[in-house]
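# Descriptive analysis of the structure
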Amino acid sequence: MTGTLTIAGLGPGDDALVTPDVTAALAAATDIVGYAPYVARVRPRDGLTLHPSDNRVELQRASEALRLASEGHHVVVVSSGDPGVFAMASAVFEALEEQPKWQGLSIRVLPGVTAMLAAAARAGAPLGHDFCAINLSDNLKPWAIIEKRLRLAAEADFAIALYNPRSASRPEGFGRALDILNEAGCGERIVVFARAVSMPGERIETVRLRDAKPEMADMRTLVIVGNSATRRVGPWVYAPRQAG
């Protein structure tokens, strides 16, 4: 197989946050595969074919990318943020496991700046001590698992980065998550709402968790719940390096 498959992260939005490795991979690609809004971030050029697709078809998208690479194409699968964080890298390897005939392909994963890290940098350093990331979408896991992980993360006093907090199809999940964290005694924790980081319309807002409202987040928002020691210094939010 003479083709190649690269799984690349486009970062949170601003082209300045795309890594040089990813820029070089896009320049060498013959085919770009991905969710339509992410493919639209790649500039068209001669010799490049764009393959945009809808959301929730990750395995089909991954299989198409593997097939194209097996036929000699130089394929880049694009994700926002980092492709290994709630994104396409896992889907590609899942499809590869189901199709052993493609396991001889040249595959590489190129990291990107995650929404979590971009949001944390804008706020200060809320992930400066132990933290975890939880995806609030229940498309691929039952809500009971999300609830369990939220309670355990609160008990362990992690800072918590919440991905996919609220969408039109499941507006109630984030409110339930806030209720769970309040019930777990996290009401005084600082919460960062970071919307559209590095893009026009960027908004950073911090409140106490007890004052957080579900409508403060949408699918373009990354939410960071600080640990119990997280504090403000001037306009910044940070987690002390020493655990209590």
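Residues numbered from 1 in each chain as written. Predicted model: local features only at pLDDT ≥ 70, side-chain atom pairs only at ≥ 80, totals over all residues. Heavy atoms only, no water.

## Looking at the sheet that holds strand β8 (residues 159-163)
- With respect to topology, five strands assemble into an open sheet ordered β7-β8-β11-β9-β10, the strand pairing being mixed. Each edge of the open sheet carries a strand with a single partner, namely β7 (131-135) and β10 (203-208). For this sheet, the mean inter-axis angle between neighbouring strands, taken without regard to orientation, is 20°.
- Note that strand β9 (residues 190-195) and strand β11 (residues 221-225) share five bridges and pair antiparallel. Bridge pairing in β11 links Phe193 to Val223.
- Taken strand by strand, helix α5 (residues 115-123) contacts β7, β8, β9, β10 and β11, and its axis lies near 65° from that of β11. (Pairing = 2+ DSSP bridges. Helix = DSSP H or I, 4+ residues; strand = E, 2+ residues; numbered from the N terminus. Axes fitted to C-alpha atoms, helices over the stretch in contact; angles between N-to-C directions. Contact = heavy atoms within 4.5 Å.)

## Some words on the packing of helix α3 (residues 58-70) against helix α4 (residues 88-98)
- Orientation of α3 relative to α4, taken along the N-to-C sense of each, is 70°, at an axis distance of 8 Å. By the angle between their axes, α3 is roughly perpendicular relative to α4. For the pair α3 and α4, the crossing hand works out as right-handed. Within the contact between the two elements, α3 uses Glu58, Leu59, Arg61, Ala62, Ser63 and Leu66 and α4 uses Met88, Ala91, Val92, Glu94, Ala95 and Leu96.
- Residue composition of the contact of α3 with α4, grouped by class: eight nonpolar, one polar and three charged. (Parallel < 35°, antiparallel > 145°, perpendicular 65-115°, else oblique. Left-handed = near helix turned anticlockwise from the far one by under 90°. Nonpolar A, V, L, I, M, F, W, Y, C, P; charged D, E, K, R; others polar.)

## Overview of the state of the cysteines
- Within the structure shown, the criterion is met by zero disulfides.
- Here Cys132 is not disulfide-linked; the sulfur of Cys186 is the nearest cysteine sulfur, at 11 Å. (Disulfide = S-S within 2.5 Å.)

## As for helix α1 (residues 20-28)
- Those residues of α1 not exposed but buried are Val22, Ala25 and Leu26. Looking straight down α1, one finds its buried side chains confined to an arc of 100°; they lie on one side. For α1, the exposed residues set more than 90 degrees away from the buried face come down to Pro20, Ala27 and Ala28.
- Buried residues along α1 sit in contact with β1 (4-9), β2 (31-35), β4 (74-79) and β5 (106-110). (Buried < 20%, exposed > 50% of the residue type's maximum accessible area, 1.4 Å probe, protein only. Arc of directions from axis to C-beta.)

## Some remarks on the pattern of salt bridges
- Within the structure shown, the criterion is met by ten salt bridges.
- For Glu147, the salt bridge identified is with Arg151, shortest N-O distance 3.3 Å. Here Glu147 and its partner Arg151 are both found in helix α6 (residues 143-155), four residues apart, which amounts to about one turn of the helix.
- With a relative accessible area of 26%, Glu147 lands in the partly exposed category.
- Overall, Arg151 belongs to the partly exposed group, its relative accessible area being 33%. (Salt bridge = Lys/Arg side-chain N within 4 Å of Asp/Glu carboxyl O.)

## Structural notes on the side chain of Asp82
- Checked against the element boundaries, Asp82 lands in the loop between β4 and α4.
- Notably, Asp82 is buried but unbridged: the nearest opposite-charge side chain belongs to Arg41, and the N-O separation is 12 Å.
- Apart from residues no more than four positions distant in its own chain, Asp82 is found in contact with Gly9, Ala87, Pro111, Gly112, Val113 and Thr114. (Lys, Arg positive; Asp, Glu negative; His and termini not counted.)

## Quick notes on the sheet that holds β2
- With parallel pairing, five strands are arranged side by side in an open sheet as β3-β2-β4-β1-β5. Taken across any chain shown, the strands that pair with only one partner, and hence form the sheet edges, are β3 (49-53) and β5. Averaged over all pairs of adjacent strands, the angle between strand axes in this sheet comes to 15°, irrespective of strand direction.
- Contacting β1, β4 and β5, α4 crosses the sheet at an angle of about 150° to β1.

## Focus on the nonpolar core
- Ranked by internal contacts, the top residues of the largest apolar core, which has 25 residues, are Leu150, Leu162 and Phe193.
- For this core, the secondary structure elements donating two or more residues are β7, α6, β8, α7 (173-183), β9 and β11.
- Leave out the neighbours within four places in its chain, and Phe193 touches Phe174, Arg203, Ile204, Glu205, Val207, Ala212, Lys213, Met216, Ala217, Thr221, Leu222 and Val223.
- Membership of the second largest hydrophobic core comes to 18 residues, among which are Leu5, Leu66, Met88 and Leu96. (Core = buried A, V, L, I, M, F, W, Y, C linked by side-chain atoms within 4.5 Å.)

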